[in-house]
Amino acid sequence: MGLLDILLGRTKPVAPDLDQLFALPSAAVTLEAAAGFTPSGSGAVCFATVEGAAFEQTHREVQALLDADADRNGPPVELRRDDYGYSWLVSRRAPDQLHLLVNDLHAVNASMEVNGFGPLLLCSLAGFRDEAGRALALVYLYKRGTFYPFAPLSGDGQRRDNALELRVKAALGDDLRLEQDLSRWFPVWGAPGL
C-alpha cells in the first residue's frame, strides 16, 4: 500500500482465511452458554451464479465429494438459488456434527477457490436455534475474513433481532474474528441453511 492510498483512505482488502471456519465448533460452545443457541445442523455457502462448463464441472465435483461422505446420514448436499439470483450449496448434518458441517463448508470454499472461482464466493453460514425456535446464523464474509451474527425475526416482513445480534457479538468476541463494521452485517433473508 502506497502513501497515496493512505492519504486517500484506501485500505488493502483482507485476504480470506478459510481456516477461520474451524473456530465455529468452539464458538458454538460459548454461544450455547451465553445465549442458549445450539447448532441446527445446517449450513450453506453462497456464491454468485455463473454460467459455463468450467463452473458446472466444479460444482459437480464439489457436490460429488460431499455426497460421497459415508458419515452423512440424511439428505445429500443440494444446490439452491435464492430470490436474488445467488446460488447456495446447502449441507445438512446432525446437530451434534458441527465439526463435519464446518468441514463441508471449508471444502466447498476451498474447491471453488482452487478452481479459480474464489472471487465469486460471498459468504458461508452455519445455522443455530434456541429452545424457543428462534433462528440465528453465524455468517462468514469471504471477502472480509470475518464473521457476524444474523438473527431474523419470525413472522411477516424482513426484520431482525439487533439486540440479540449485539449480545452474540459481545459473547463471541474471543472466539471468532468478528466484523467490527456493523454496516457490513448484511441480512441474508431466506438463506437456505438457516
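The structure we're discussing is the one just above.
Residues numbered from 1 in each chain as written. Predicted model: local features only at pLDDT ≥ 70, side-chain atom pairs only at ≥ 80, totals over all residues. Heavy atoms only, no water.

Novice: Tell me about the overall build of the protein, residues and numbers included.
Specialist: For the protein, the helix and strand inventory stands at 5 helices and 6 strands. Starting at the N terminus and ending at the C terminus, the protein contains elements arranged as α-α-β-α-β-β-α-β-β-β-α. Classification of the 194 residues of the protein by burial places 44% in the buried group. Within the protein, residue pairs in contact and separated by at least 24 positions form 66% of the contacts whose partners lie at least 6 positions apart. (Helix = DSSP H or I, 4+ residues; strand = E, 2+ residues; numbered from the N terminus. Buried < 20%, exposed > 50% of the residue type's maximum accessible area, 1.4 Å probe, protein only. Contact = heavy atoms within 4.5 Å.)

Novice: Lay out the packing of aromatic side chains in plain terms, naming residues and giving numbers.
Specialist: The relation between two aromatic rings is expressed through the spacing of the ring centres and the mutual angle of the planes. Scanning the model with the defined rule gives 3 aromatic pairs in all. Their ring planes at 20° and their centres at 6.1 Å tell us that Tyr148 and Trp185 sit as a pair that is stacked. Taken together, the positions of Tyr148 in strand 6 (residues 146–150) and Trp185 in the segment after helix 5 (162–171) put the pair 37 residues apart, joining distant regions of the chain. With respect to class, Tyr148 is no different from Trp185; both count as buried. (Phe/Tyr/Trp six-rings, centres within 6.5 Å; stacked < 30°, edge-to-face > 60°.)

Novice: So what's going on with the sheet that holds strand 5 (residues 135–141)? Which residues, and what values?
Specialist: Spatially, 6 strands are ordered 2-3-1-4-5-6 in an open sheet, and the strand pairing comes out antiparallel. With one partner strand each, in any of the chains shown, strand 2 (78–81) and strand 6 form the two edges of the open sheet. Ignoring strand direction, the axes of neighbouring strands in this sheet form an average angle of 25°. Here strand 4 (residues 121–129) runs beside strand 5; their pairing, made up of 7 bridges, is antiparallel. (Pairing = 2+ DSSP bridges. Axes fitted to C-alpha atoms, helices over the stretch in contact; angles between N-to-C directions.)

Novice: Run through the side chain of Ser87, naming residues and quoting values.
Specialist: The residue Ser87 is located in strand 3 (residues 86–92) in this model. Given the relative accessible area of 3%, Ser87 is considered buried. A polar contact is formed between the side chain of Ser87 and the side chain of Thr49, at a distance of 2.6 Å. (Polar contact = N/O pair within 3.5 Å; in protein donor to acceptor, adjacent residues only side chain to side chain.)

Novice: Describe the packing of helix 3 (residues 53–67) against helix 4 (residues 98–114), with residues and values.
Specialist: Between helix 3 and helix 4, whose axes approach to 10 Å, the crossing angle comes to 155°. Compared by their axis directions, helix 3 and helix 4 come out roughly antiparallel. Crossing geometry of helix 3 relative to helix 4 is assigned as right-handed. Between helix 3 and helix 4, the contacting residues are Phe55, Thr58, Val62, Leu65 and Leu66 on the first element and Asp104, Ala107, Val108, Ser111 and Met112 on the second. Per-class residue counts for the contact of helix 3 with helix 4 are 7 nonpolar, 2 polar and 1 charged. (Parallel < 35°, antiparallel > 145°, perpendicular 65-115°, else oblique. Left-handed = near helix turned anticlockwise from the far one by under 90°. Nonpolar A, V, L, I, M, F, W, Y, C, P; charged D, E, K, R; others polar.)

Novice: Could you give me a rundown of the pattern of salt bridges, with the residues and numbers involved?
Specialist: Side chains bearing opposite charge may pair, as long as their charged atoms lie close to each other. For the structure on display, the rule yields 7 salt bridges. Across the pair Asp130 and Arg134 runs a salt bridge whose closest N-O atoms are separated by 2.7 Å. Among the residues examined, Asp130 registers a relative accessible area of 13% and is labelled buried. For Arg144, the salt bridge is made with Glu179, and the minimal N-O distance between the two is 2.8 Å. Here Arg144, found in the loop between strand 5 and strand 6, pairs with Glu179, found in the segment after helix 5; they are 35 residues apart in sequence, far enough to count as distant. In this structure Arg144 comes out as partly exposed when scored by relative accessible area, which is 29%. Accessibility expressed as a relative area gives 3% for Glu179, which makes it buried. Here the residues in one salt-bridge network are Asp130, Arg134 and Asp161, joined through shared partners. (Salt bridge = Lys/Arg side-chain N within 4 Å of Asp/Glu carboxyl O.)

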